[in-house]
Protein chains: 2
Amino acid sequence: MSWADYLDANQPRFIEELCDFIRIPSVSAKPENAGDVRQAGQWVIDRLTAAGIENAQMYETAGHPVVCADWLHAGPDKPTILIYGHFDVQPAEPFDLWTTPPFEPTIREDRIYGRGATDDKGAMLVPILAAEALLAETGALPINVRFFFEGQEEIGSPDLQPFIEGNLDRLQADMIFSADGSQWDPETPQMVLALKGLVSLEVTVTGARSDLHSGMHGGGVANPGMALAHLLASMKSPDGTILVDGFYDDVVDLTEADRAAIARVPWDEAEYLAETGAPATHGEPGYTTRENLWARPTLEINGMTCGWQGAGTKTVLPSVASAKITCRLVANQNPEKVYDLIAAHVAQNCPPGVTAEVVRNPGRADPFLVPAGHNATAVAGQVLEEVYGKVPHQTRAGGSIPVMSTLLDQLGLHAVMFAFGHADENQHAPNEFFRLPTFRLGQTAYVRLMERLAG
Amino acid sequence: MSWADYLDANQPRFIEELCDFIRIPSVSAKPENAGDVRQAGQWVIDRLTAAGIENAQMYETAGHPVVCADWLHAGPDKPTILIYGHFDVQPAEPFDLWTTPPFEPTIREDRIYGRGATDDKGAMLVPILAAEALLAETGALPINVRFFFEGQEEIGSPDLQPFIEGNLDRLQADMIFSADGSQWDPETPQMVLALKGLVSLEVTVTGARSDLHSGMHGGGVANPGMALAHLLASMKSPDGTILVDGFYDDVVDLTEADRAAIARVPWDEAEYLAETGAPATHGEPGYTTRENLWARPTLEINGMTCGWQGAGTKTVLPSVASAKITCRLVANQNPEKVYDLIAAHVAQNCPPGVTAEVVRNPGRADPFLVPAGHNATAVAGQVLEEVYGKVPHQTRAGGSIPVMSTLLDQLGLHAVMFAFGHADENQHAPNEFFRLPTFRLGQTAYVRLMERLAG
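## Some words on the overall build of chain A
On a plain count of helices and strands, chain A comes out with 14 helices and 20 strands. Its C-alpha atoms give chain A a radius of gyration of 23 Å, near enough to 23 Å, the size a compact globule of 455 residues would have. For chain A, the spread of C-alpha atoms along the three principal axes comes to 80 × 50 × 45 Å. The 455 residues of chain A split such that 56% are buried.

## Quick word on the interface of chain B and chain A
Counting residues at the interface gives 91 residues for chain B, matched by 91 residues for chain A. When residues in the side of chain B that touches chain A are grouped by element, the largest group, nine residues, is from strand E12 (residues 298-307) of chain B. The residue makeup of the side of chain B that touches chain A, split by class, is 37 nonpolar, 42 polar and twelve charged. Of the strand pairs in this sheet, strand E12 (residues 298-307) of chain A and E12 of chain B are connected by five bridges, and their pairing is antiparallel. In the sheet register, glycine 303 of chain A faces E12 of chain B, and the bridge partner there is glycine 307 of chain B.

## Re the relation of the copies chain B and chain A
You can overlay chain B on chain A at an RMSD of 0.1 Å; the transform is a turn of 180° with a shift of 0.0 Å along its axis. The superposition operator between the copies reduces to a two-fold rotation axis. Taking C-alpha positions as reference, the residue of chain B nearest the rotation axis is alanine 229 of chain B, located at 2.1 Å. A shared binding surface is used by both copies, with 100% of the interface residues of chain B retained as interface residues in chain A.

## Focus: the domain arrangement of chain A
Residues and elements named next belong to chain A. Examined at the domain level, chain A breaks down into domain 1 (3-195 + 367-454) and domain 2 (198-251 + 297-365). The distance between the C-alpha centroids of domain 1 and domain 2 comes to 35 Å. Contacts between the two partners involve ten residues from domain 1, matched on the other side by eleven residues from domain 2. Of the residues that constitute the side of domain 1 that touches domain 2, the class distribution is six nonpolar, four polar and no charged.

## Observations concerning the sheet that holds strand E20 (residues 433-435) of chain B
All names here are of chain B. Read across the sheet, three strands follow the order E4-E5-E20 without closing on themselves; strand pairing throughout is antiparallel. Here the strands that pair on one side only, and so sit at the sheet edges, are strand E4 (106-108) and E20. Across the sheet, the mean angle separating the axes of adjacent strands is 25° when strand polarity is ignored. Here strand E5 (residues 111-113) pairs with E20 via three bridges, running antiparallel. Bridge pairing in E20 places isoleucine 112 opposite phenylalanine 434. Across the sheet, helix H3 (residues 117-138) lies against E5 and E20, angled at about 45° from E20, the strand it touches most.

## Details of the nonpolar core
In terms of nonpolar packing, the biggest core is built from 175 residues, with Leu232 of chain A together with Leu232 of chain B touching the most fellow members. No other element matches the eleven residues that helix H3 (residues 117-138) of chain A contributes to this core. With 82 residues, the next largest nonpolar core counts Phe21, Leu195, Val383 and Phe439 of chain B among its residues.

## Some points on the packing of helix H1 (residues 3-23) of chain A against helix H14 (residues 436-454) of chain A
All names here are of chain A. Running from N to C, H1 and H14 point in directions that differ by 140°, and their axes come no closer than 11 Å. Classified by the interaxial angle, the pair formed by H1 and H14 is oblique. As for the relative orientation of H1 and H14, their crossing is right-handed in sense. Note on element contacts: H14 touches H1 through Leu436, Arg440, Gln443, Thr444 and Val447, opposite Trp3, Ala4, Leu7, Gln11 and Ile15. In terms of residue class, the contact of H1 with H14 is built from six nonpolar, three polar and one charged.

## Here's the deal with the pairing of E12 of chain B
Residue and element names in this part refer to chain B. Along E12, ten of the ten residues are buried, which leaves the element largely enclosed by surrounding structure. Examined bridge by bridge, E12 and strand E14 (residues 320-329) share eight bridges and lie antiparallel to one another. Along E14, the bridge assignment pairs cysteine 306 with alanine 321.

## Concerning the sheet that holds strand E10 (residues 197-206) of chain A
Backbone-to-backbone hydrogen bonds pair the strands of a sheet. The strands run either parallel or antiparallel. Ordered in space as E15(A)-E10(A)-E14(A)-E12(A)-E12(B)-E14(B)-E10(B)-E15(B), the eight strands form an open sheet in which the pairing is antiparallel. Each edge of the open sheet is held by one strand with a lone partner, namely strand E15 (355-365) of chain A together with strand E15 (355-365) of chain B. The average undirected angle you get between the axes of adjacent strands in this sheet is 25°. Alignment of E10 of chain A against strand E14 (residues 320-329) of chain A, held across ten bridges, turns out to be antiparallel. Bridge pairing in E14 of chain A links leucine 198 of chain A to arginine 328 of chain A. Of the strands in this sheet, E10, E14 and E15 of chain A are in contact with helix H11 (residues 335-349) of chain A, which crosses E10 of chain A at around 20°. Against the sheet, helix H11 (residues 335-349) of chain B touches strand E10 (197-206), E14 and E15 of chain B, its axis set at about 20° to E10 of chain B.

## Some thoughts on the environment of glutamate 357 of chain B
Within the secondary structure, glutamate 357 of chain B sits in strand E15. A sequence separation of 44 residues divides glutamate 357 of chain B from isoleucine 401 of chain B, and the C-alpha atoms of the two residues are 28 Å apart.

## Overview of the environment of alanine 9 of chain B
Secondary-structure assignment places alanine 9 of chain B in helix H1 (residues 3-23). C-alpha separation for the pair alanine 9 of chain B and threonine 326 of chain B, spaced 317 residues apart in sequence, amounts to 44 Å.

## Regarding the pairing of strand E1 (residues 54-59) of chain A
All names here are of chain A. Where E1 meets strand E2 (residues 66-71), four bridges bridge the pair, whose relative direction is antiparallel. When the bridges of E2 are listed, tyrosine 59 appears paired with valine 66. Here E1 folds back onto E2 in antiparallel fashion, the turn holding six residues.

## A look at unusual backbone geometry
For residues that are not glycine, phi is negative in most cases, and the peptide bond is trans in most cases. Omega for the bond connecting glutamate 93 of chain A with proline 94 of chain A falls within 30 degrees of zero, at -5°, which places this linkage in the cis form. Looking at the secondary structure, you find proline 94 of chain A in the loop between strand E3 (80-86) and strand E4 (106-108). Cis geometry is found at the peptide bond from alanine 331 of chain B to asparagine 332 of chain B, where omega equals 5°. Mapped onto the elements, asparagine 332 of chain B comes out in the loop between E14 and H11. Notably, glutamate 109 of chain A is not glycine yet its phi reads approximately 50°, a positive angle. Within the element layout of this structure, glutamate 109 of chain A appears in the loop between E4 and strand E5 (111-113). For glutamate 109 of chain A, a count of 8 C-beta atoms within 10 Å corresponds to the exposed category. Non-glycine residue aspartate 110 of chain B carries a positive phi angle of around 60°. Summarising the element assignment, aspartate 110 of chain B is placed in the loop between E4 and E5.

About the criteria used
Residues numbered from 1 in each chain as written. Chains lettered and ligands numbered in written order. Predicted model: local features only at pLDDT ≥ 70, side-chain atom pairs only at ≥ 80, totals over all residues. Helix = DSSP H or I, 4+ residues; strand = E, 2+ residues; numbered from the N terminus. Rg over C-alpha atoms; globule rule 2.2 N^0.38 Å. Buried ≥ 20, exposed ≤ 12 C-beta atoms within 10 Å, placed from the backbone. Contact = placed C-beta atoms within 7 Å. Nonpolar A, V, L, I, M, F, W, Y, C, P; charged D, E, K, R; others polar. Pairing = 2+ DSSP bridges. Least-squares fit on C-alpha atoms with pLDDT ≥ 70 in both. Domains from an automatic or database assignment. Axes fitted to C-alpha atoms, helices over the stretch in contact; angles between N-to-C directions. Core = buried A, V, L, I, M, F, W, Y, C linked by C-beta atoms within 7 Å. Parallel < 35°, antiparallel > 145°, perpendicular 65-115°, else oblique. Left-handed = near helix turned anticlockwise from the far one by under 90°.

See below:
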C-alpha cells in the first residue's frame, strides 16, 4: 500500500481521533480548564507515540505544558525540520450561539464543528498523520523531524520563551514549519509572509470606594463607566485612527510594491461584509481594508465590564469600570514600547474625578515578516503549487503567533506557515469548523514536503 | 403599660422579626427571585395581621404583587392616612464585598446589616410596630390608617400605576406618609421636599454578526466596544455637562432663594469624599455639589457589557456592546421626553461601521416637588421637631420613588416622607445596614404622628 492509500484507508479513524481530541475542553484562558489543557497534551503524546514518533514527552513551564517528540533516523546528510502547533483552544463563550455544543464535535456536510476544530487541533494533527503514513508504509521518514506543540498559544504563549531558551537542543532544526495558519481557500494555496505582533492590557477606572445609589450620589461623584468611555474614546477617533501619541512612530510604511502585491490578491468587499455581517468596513483612513487587515497596526477593545449587567434596571453608580484591550503590531513596532505609550496616554488623559490604572495581560508577540529570499518558504511554495496546481498568493495575516518571533530570536529561523485551515472557519468564534477534504489534502502536502526536503 | 413601654419591652422580638424579613431575598430585578418577592409580601400580610391590622391582602399586578391593609375604626371625624413602603430589595452583587452575607442579617454595634435592612424592610416595619403598640395598649388607633406596600420599587414600580388606578377605593386617604426615605442624621430630622424623577434605558451597539478574531478582523470592521465608548462620551462632557440636545430645556432653574435654602443645610465636602471614597467630587459645572445632588438632573451609566470579561486575554473583536443608563430628572422634566431626546441623540451620533439601538428599561418616575404650604408636611415637621428636639432641615433627595408621583396624579395628594433610615446606610451597595436606635425612634415618631393627627 502506498502512503496515499494508507491515508485514504485510515481517514475515518483519523476523524474519530480528531473528535476525541476536540472533546477535551483545553481552554488555556480559564484557570478551571488547566487540567484539560494538560489532558490534551497527554492525548498528543499518546497520538505521536501511536504514529511511531519517538521521545514524545511533556515538559513543564510556569503555566500550561509543552509537548516535544522527534524521529531523527534519516541520517546526518538529511535536513532536520521542526513542526509547530498548539493543543489549547479559545474559550467557547457565548455557548448559546453554537448550533451544536463546542466540545461535542459534530460532522455536517464534510465539515467537523467544534472549538479547536481548525485552530489548531485539526491542523496540528495533519503532520502527525502524514508521518504515521510514511512510517507505516516505508518504515522511515525521508528527513529528520521534530515536533513541538504547546498549550498556551491562545493566551499569547507567556511561558514559551523561557522554555525555548532552556531546551534549544530539543528544538534545533534547519527549518521550521508551523501547522498553525491557513490556506487561501479550498482551491488556492498561500504563502503567509507576515504576522502581526501583540500586546495585551487592561484599563481599570475607579471612582468611589464601592457601588453607590445612582440617585443619592449621581451628580456628586464621577461615574467610572462614563470616565472609561471618555478614556477609550480618546485612544481612537471614530474614523479609526489610533490617537495614542507615538503609536505609529515605528511602523514601517507600506511601499508602493507592498501595496501592489497586496492589491494583486483578490478582494471582494461585499463578500467580506456578507461573511462578517458587519454593516460596513471600518479601519484606519488612507488604507484599503486589506491593507488595514494585513499591514496596519490595530487597537481593539476585547471586552468591557462595569456595574450591573443582569436583567432590567439597577440604579447603581458603579465603583469600577474596566476594558481589556489588545493591539496588533506590525514591523517594527515593539510590544513593550506600545504598552508604555498607552500607559502614558491613560495617565495623561484620565478624566476628572476618577483614577485609572493600566496593567499588562498575559500575551506578547513581536511582529513577524519573512525575508524575500527565504529558502524554506520557497520549498513550501513549490509543494503547495504541486498539490493545489496553482501558484500560491503571497499574503500577510492579522493574527499573531508569538512563538514564531521567539523561535526566530533563539534559533535564527523564520518559520514557514504550512497549515490547512481557512480564515472563514470561525476561529475564536461560535461554530468553529474544519473542512474534512482539507484535513486529507494537508496530509498529502506534509508527506510531499518531507519527500521534497529529502532532495 | 404605655405604648412606649410596650415598644421597649418588645424591641428584641421586633429585631428578630426584622431578621426574618431580611432573610427573604426579595430582589425584584431578578426574575429568579420573583417567588421570594411574593414570599416577602406574604410575610408582610402575616405581620400586619399579627399587629391587629385588618384586611391584609395580596393584590396581583402584571409583575410583583402589592399588599394592602387597613384599620378604619377611628370614626368619620378622624382623618385617614395612607402609609407607603416596599418589601422588595436591590440585587446584592457584588457578594464578595459584603462583610457578612447580604441575606444572613447580622447585628454589629447597634446596627443590623443585610440587603434591605434600611431600604426599605426596616423602615417599612416601623409604622406597623407603632400601630401594634397602640392597638395592644389602647385597643384602637387614634386615626384611620391604610397601609400600602409594594414589591417593585427597586425596579421603578412599573405596574403600580394601573394598580392604583384600579384600586382607588382601597387607597383613598386625606394624607400620605412614606416609610421609604430617610432622616438627616441620627440626631437631626429633615423634611424631604423634592425627589428626582427617573427614566431608564439601554443602548446596544452592534457590529459584525458574531464575535470575530481580533487579529483576523481588527482594522476591517468597527469595534462595537469602541463605538459605544464614543457614543457614551458624546452624551456627557468629561466635566459633567450633559450634551444630549434639549436635555436641560424643561428644567426649572434654581432661584436664589432655593440656592440659599440648600446652602443653609450643613455640607462638608471632605466628609462626603471620606464617605464615598471618591478621589474628588464631580458634577455639572456652575452648581455646588449639593445642588447637583439635590436639584440638577443626571445621566448615569449603571452598567456596561462587552465581549470577554473572564480572566486573562481573549483576542476577540466583540459583536455587541451595551450600556444601561438611568437619568434622574428634576421639575419639570418628563421621562418620556427625555427618553426621546436620548434616542434621537443616539440615532444622530452613532459612530460609523455599527448600528445602535435604544430600548427603555422598566422604571419611570416624574420628578416630585412638595408645594410650600403643604399641611401634612407641616404636621410631620412638628412631630419630628418634638421627637428630635430640633427644627428639621428642608432638603431634597436625588433618589426617585415613582409611586409618589402616581399617587399625586391619582389621589391628588403629595406624600410626606416620614422614614427613619439615613443616607450613609449603604443603600443599593454592599454592607447595607439600619441603625437599631433609629428603628426604635421611628416607632415613637409614628405613634406621635397618629396622635397629633387625631387632633
